[in-house]
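So the chains spell out like this:
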Amino acid sequence: MNVLVTGGAGYIGSHTCLELLQAGYEITVVDNLVNSNVESLRRVQELAGKSLIFEQVDLLDHSALEQVFRRQRFDAVIHFAALKAPAESVARPLAYYHNNLTGTLILLERMAQFGVKDLVYSSSAAVYGDAERVPVSEDAPCKPPNPYARTKWMCEMILQDVHAADPQWNIIVLRYFNPVGAHPSGRIGENPLGIPNNVMPVISQTAIGRLPELKIFGNDYPTPDGTGVRDYIHVLDLAQGHLKALEKLSTRPGFEIYNLGNHRGYSVLELVAAFERVSGRKIPYRFVERRPGDIAISFADAAKANRELGWRGERDLEQMCADVWRWQLNNPEGYPEA
Ligand code: NAD
Ligand code: UDP
C-alpha cells in the first residue's frame, strides 16, 4: 500500500513514517520543511532499514503537488502538514488560515483529481476549547478558542462536506490530546525551532540547561494542585493510531472522528515530578500568571477509538518522560542543521 504523508518530516509525522515503514507500507513524504529538518527522515530510514521518497514541496504550490500525484498512484493520504502554534496564530491569523485551510483545499483538489479518496486528518483536542465536561467525547460541542484551533475545526467541516457530496470518500479525523515522548532509540524526537511553546520540551530543555527555568502558567486553577491538567499521550501510541486508522479506511467507514488520548490527566507539577524521577535532574520552576486562553483541565474519552479502531495508548507517563530525556541527552541541540 502506497501512502502520501504530508508534513512527514515533523514531530508526529516522522514517528508515524517510521511505524509505517516498519509495517511494510511504501511512503512518500511531502513537506516544505517550514518547521522541520530533513535529518528526521534520514534517521527514520536508518532506523527502519528501508527507504521512503521525500518531496520538498509546499502544499500551496498547486503544480508541484500535482506533479507528485502524477509520478505515483497513492492508495491513501495522511495529512499532518500545518502550522500549529496557538499563540503565533493569534498574532498571524492570515498565515494560519492560508497555510492550514488553503493547503488542505489544494490537497483535497489533487486527491479528487487523481481519484485518491482515503484520508486520515490530524486534528486536535484544541477544537473543543473549554469543554463543559471531562472526559471529553467526540460529540462534545466544539468551541475552538484561537485561529489555530479554528483552522483544525474548519478543516473538519470541509472534510465532512466533501464526504457528504461524494460518499466514495473515506475520511478519519483524529483529534490528538497532548503528544509527548520520542522514539526509544533516542534518534528521533520533538525538535522545536526557537523557544518551545509546549510544556514537555520546555521541561526537557530546562533539565539539560538550555533554558533557565520552567515558568508554570497559573497555580490557581480548580485542579488538585492548582496547575493545568492535560492528557499526555506518547507519540508512538499516536503513530500507531494512524496505522489503525488506515486499516479502518479499508472497511470504507465514511466520515468518522476519533479522540486519541489516554483518558487520564496529569497536572504540570505531576509532570515535573515524573520528569525529575526519570532524569535524576532538578527542574527549577516558578509560578507565573495564567497563559491567556489556557483551560484548567482536559482529558479524553477515547472509548470510541478503543472500540472501533482497536486502539489504546500503552505507554505511561514515566516512559514518555524517559524517552524524551534520552532524545534530549543524545541531541542537546536537536537535529543538526541539514
Ligand atoms: P510539526 O510542525 O512538527 O509538523 C508539521 C509539518 O508540516 C512540518 O514538518 C512542516 O514543515 C510541515 N508543513 C507545514 N505547512 C506546510 C505546507 N504548507 N506544505 C508542506 N509542509 C508543511 O507538527 P506536529 O507536532 O508533528 O503536528 C502534526 C499535525 O498534528 C499538525 O497538523 C498539528 O496541527 C496536529 N497536532 C499537533 C499537536 C501537538 O501538540 N504536536 C496536537 C494536536 C494536533
Ligand atoms: N505550561 C506551563 N508552562 C509552559 C508551557 C505550558 O505551565 O512553559 C502548562 C500549560 O498552562 C498547560 C500545560 O502546561 O496547563 C500544557 O501546555 P501545552 O502548551 O503543552 O499544551 P496545551 O495547553 O496546548 O494543551
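Thresholds, definitions, all that
Residues numbered from 1 in each chain as written. Chains lettered and ligands numbered in written order. Predicted model: local features only at pLDDT ≥ 70, side-chain atom pairs only at ≥ 80, totals over all residues. Heavy atoms only, no water. Helix = DSSP H or I, 4+ residues; strand = E, 2+ residues; numbered from the N terminus. Rg over C-alpha atoms; globule rule 2.2 N^0.38 Å. Buried < 20%, exposed > 50% of the residue type's maximum accessible area, 1.4 Å probe, protein only. Contact = heavy atoms within 4.5 Å. Lys, Arg positive; Asp, Glu negative; His and termini not counted. Charge placed at Lys NZ, Arg CZ, Asp CG, Glu CD. Phe/Tyr/Trp six-rings, centres within 6.5 Å; stacked < 30°, edge-to-face > 60°. Near = heavy atom within 4 Å. Polar contact = N/O pair within 3.5 Å; in protein donor to acceptor, adjacent residues only side chain to side chain. Areas by Shrake-Rupley, 256 points an atom, 1.4 Å probe, with all protein chains shown as cover. Nonpolar A, V, L, I, M, F, W, Y, C, P; charged D, E, K, R; others polar. Pairing = 2+ DSSP bridges. Axes fitted to C-alpha atoms, helices over the stretch in contact; angles between N-to-C directions. Salt bridge = Lys/Arg side-chain N within 4 Å of Asp/Glu carboxyl O.

(A) View of the overall build of the chain. Counting its regular elements, the chain contains eleven helices and 13 strands. Over its C-alpha trace the chain gives a radius of gyration of 19 Å, about what one expects of a compact globule, namely 20 Å for 338 residues. For the chain, the spread of C-alpha atoms along the principal axes amounts to about 55 × 45 × 40 Å. When burial is assessed residue by residue, the chain has 55% of its 338 residues classed as buried. If you take every contact in the chain between residues at least 6 apart in sequence, the share linking residues at least 24 apart comes to 82%. The positive charge centre, built from 34 side chains, and the negative charge centre, built from 40, are 1 Å apart in the chain.

(B) Layout of the packing of aromatic side chains. Tallying each qualifying case throughout the model produces six aromatic pairs. Note on Phe69 and Phe114: the rings are 5.6 Å apart at their centroids and 25 degrees apart in plane angle, and the pair reads as stacked. Taken together, the residues Phe69 in helix H3 (residues 62–71) and Phe114 in the loop between helix H5 (93–113) and strand S5 (118–124) connect sequence positions 45 residues apart. Using a relative accessible area of 3% as the deciding quantity, one classes Phe69 as buried.

(C) Structural detail: the site of ligand 2. In the vicinity of ligand 2, 15 residues are found, and the nearest of them are Asn178, Lys215, Arg230, Arg291 and Asp294. Asn178 is positioned with one of its side-chain polar atoms (N or O) 2.9 Å from an oxygen atom of ligand 2. Starting from 520 Å² of accessible surface for ligand 2 in isolation, the protein chains cover 87%. Secondary structure elements with two or more residues in the shell around ligand 2: helix H7 (199–207) and strand S8 (214–217). Considering each element in turn, the shell around ligand 2 owes the most residues, four residues, to S8. Considering only residue class, the shell around ligand 2 consists of seven nonpolar, four polar and four charged.

(D) Broad picture of the environment of His242. Note that His242 resides in helix H8 (residues 235–249). Separated by 62 residues in sequence, His242 and Val180 have C-alpha atoms that sit 16 Å apart. Setting aside anything within four residues of it in sequence, one finds His242 in contact with Ile12, Thr16, Ile78, Phe80, Val120, Leu174 and Tyr176.

(E) Representation of the sheet that holds strand S11 (residues 255–260) in the model. With respect to topology, seven strands assemble into an open sheet ordered S3-S2-S1-S4-S5-S6-S11, the strand pairing being parallel. Edge positions in the sheet fall to strand S3 (53–56) and S11, since each has one partner strand and no second. Each strand axis lies, on average, 20 degrees off the axis of its neighbour in the sheet, ignoring direction. The pairing of strand S2 (residues 26–31) with S3 spans four bridges and is parallel. Paired with Thr28 across the two strands is Ile53, which belongs to S3. Against the sheet, H3 touches strand S1 (2–6), S2 and S3, its axis set at about 170 degrees to S2. Against the sheet, helix H6 (residues 147–165) contacts S5, strand S6 (170–176) and S11, and its axis sits at roughly 155 degrees relative to S5.

(F) Structural detail: the site of ligand 1. Neighbouring residues of ligand 1: 26 residues in total, closest Asp31, Asn35, Ser36, Tyr148 and Lys152. Elements with a minimum of two residues in the shell around ligand 1: helix H1 (11–22), S5 and H6. The dominant element in the shell around ligand 1, judged by the number of residues it contributes, is S5, at three residues. Classifying every residue of the shell around ligand 1 gives 13 nonpolar, nine polar and four charged.

(G) Here's a closer look at the pattern of salt bridges. Tallied over the full model, the rule gives 20 salt bridges. Ionic pairing is found between Arg71 and Glu55, a salt bridge with its closest N-O pair at 3.0 Å. Linking Arg71 in helix H3 with Glu55 in strand S3, this pair joins segments that are 16 residues apart in sequence. On the basis of relative accessible area, Arg71 is assigned to the exposed category, the value being 52%. Residue Lys117 is joined to Asp166 by a salt bridge in which the shortest nitrogen-to-oxygen separation is 2.6 Å. Here the residue Lys117 occupies a position in the loop between H5 and S5, and Asp166 occupies one in the loop between H6 and S6, the gap between them amounting to 49 residues. Salt bridges sharing partners connect three or more residues here, namely Glu39, Arg42, Arg43, Glu46 and Arg187.

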